[in-house]
Amino acid sequence: MTEQTPDPLAPVLDAARGAGWTTAALSLAGVTDKTGFMERCARGLGLPDWFGRNWDALADCLTDLSWAPRARGRLLVVSGWQEYAAAAPGEWEIAQEVFSSAVEHWRGAETGLEIVLALGPVTPAAAPAATERGEE
């Protein structure tokens, strides 16, 4: 029998879902370039087919959430981002600007968006790339 490592993000995601928020855990482990980042976002966040896999399209998807299930609020936890940040610091800076702008866009709205960068090392098995959704 093998012992499973507990998911350190689970309590945060569970608490947000308990408050009626939709949650997503996006693992960027192993991502080292923009193509990989955009693909991981498309799959991991369940972005719509019209997502163009570029910075403007990502910003559009995060500020127009009509494609996503209705929720009281939304929490995105990004883990494993450190490798991408080291491999492509300029791209990572743009990604952070897109994330920050999206959070600011929703600030004060009835349904907010919060994006959290997990600082600790998280293994790919502990941070699923698939979106975990909880609806009201």
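Residues numbered from 1 in each chain as written. Predicted model: local features only at pLDDT ≥ 70, side-chain atom pairs only at ≥ 80, totals over all residues. Heavy atoms only, no water.

- The name that an unreviewed UniProt entry assigns to the chain is Barstar (barnase inhibitor) domain-containing protein, with the source organism given as Streptomyces formicae.
- Under the heading Sequence similarities (unreviewed entry), UniProt records this for the chain: "Belongs to the barstar family." (UniProt positions renumbered as here; feature names shortened; annotations may be inferred.)

1. Considerations on the overall build of the chain
Part 1 of the reasoning: Assigned secondary structure in the chain consists of 5 helices and 3 strands.
Part 2 of the reasoning: Along the chain direction, N to C, the helices and strands of the chain fall in the order α-β-α-α-β-α-α-β.
Part 3 of the reasoning: Relative to its full complement of 136 residues, the chain shows a buried share of 42%.
Part 4 of the reasoning: In the chain, 71% of the contacts between residues at least 6 apart in sequence involve partners at least 24 apart. (Helix = DSSP H or I, 4+ residues; strand = E, 2+ residues; numbered from the N terminus. Buried < 20%, exposed > 50% of the residue type's maximum accessible area, 1.4 Å probe, protein only. Contact = heavy atoms within 4.5 Å.)

2. Brief notes about the packing of aromatic side chains
Part 1 of the reasoning: Within this structure, the stated rule accounts for 6 aromatic pairs.
Part 2 of the reasoning: A centroid spacing of 5.3 Å and a plane angle of 5 degrees characterise the contact between Trp 81 and Trp 92, whose relative ring orientation is stacked. With Trp 81 in the loop between strand E2 (73-79) and helix H4 (82-87) and Trp 92 in helix H5 (residues 89-106), the pair connects residues that are 11 residues apart, well separated along the chain. Taken individually, Trp 81 and Trp 92 each receive the classification buried, so the pair is uniform in this respect.
Part 3 of the reasoning: Seen from their ring centres, Tyr 84 and Trp 92 are 6.0 Å apart, and the 80 degrees between their planes marks the pair as edge-to-face. The burial state of Tyr 84 is the same as that of Trp 92; both residues are buried.
Part 4 of the reasoning: The rings of Phe 37, Trp 55, Trp 81, Tyr 84, Trp 92 and Phe 99 are connected pair by pair, giving a single aromatic cluster. (Phe/Tyr/Trp six-rings, centres within 6.5 Å; stacked < 30°, edge-to-face > 60°.)

3. Observations concerning the nonpolar core
Part 1 of the reasoning: Core analysis: the biggest nonpolar cluster contains 33 residues, and Leu 28, Phe 37, Phe 51, Trp 55, Leu 58, Val 78 and Trp 92 have the highest contact counts within it.
Part 2 of the reasoning: Those elements that place two or more of their residues in this core are strand E1 (21-27), helix H2 (34-45), helix H3 (55-63), E2, H4, H5 and strand E3 (112-117).
Part 3 of the reasoning: Considering every element that reaches this core, the biggest residue donor is H5, with 7 residues.
Part 4 of the reasoning: With 7 residues, the next largest nonpolar core counts Ala 25, Leu 75, Val 77 and Ala 118 among its residues. (Core = buried A, V, L, I, M, F, W, Y, C linked by side-chain atoms within 4.5 Å.)

4. A word on the environment of Gly 44
Part 1 of the reasoning: Counting through the fold element by element, Gly 44 comes out in helix H2.
Part 2 of the reasoning: What makes Gly 44 buried here is its relative accessible area of 0%.
Part 3 of the reasoning: A C-alpha to C-alpha distance of 7.7 Å links Gly 44 and Ala 25, two positions 19 residues apart in sequence.

5. So, the sheet that holds E2
Part 1 of the reasoning: Taken together, the 3 strands give an open sheet; going across it, the order is E1-E2-E3, and neighbouring strands pair in parallel fashion. On the outer flanks of this sheet lie E1 and E3, each paired with one strand and no other. Going from strand to strand, the sheet's axes swing by 15 degrees on average, the running direction of each strand aside.
Part 2 of the reasoning: By the bridge criterion, 7 bridges tie E1 to E2 in an arrangement that is parallel. Pairing of Thr 22 across the sheet is with Arg 74, part of E2. (Pairing = 2+ DSSP bridges. Axes fitted to C-alpha atoms, helices over the stretch in contact; angles between N-to-C directions.)

6. With respect to the confidence of the model for the chain
Low pLDDT means the predicted coordinates in that region are not meant to be read closely.
Part 1 of the reasoning: For the chain, the average pLDDT comes to 85, and 84% of its residues sit at 70 or higher.
Part 2 of the reasoning: Confidence over residues 1-5 falls short of pLDDT 50; this stretch has 0 contacts with residues more than four positions distant or in other chains.
Part 3 of the reasoning: Across residues 122-136, where pLDDT falls below 50, the model places 43 contacts with residues more than four positions away in sequence or in other chains. (pLDDT = per-residue confidence, 0-100.)

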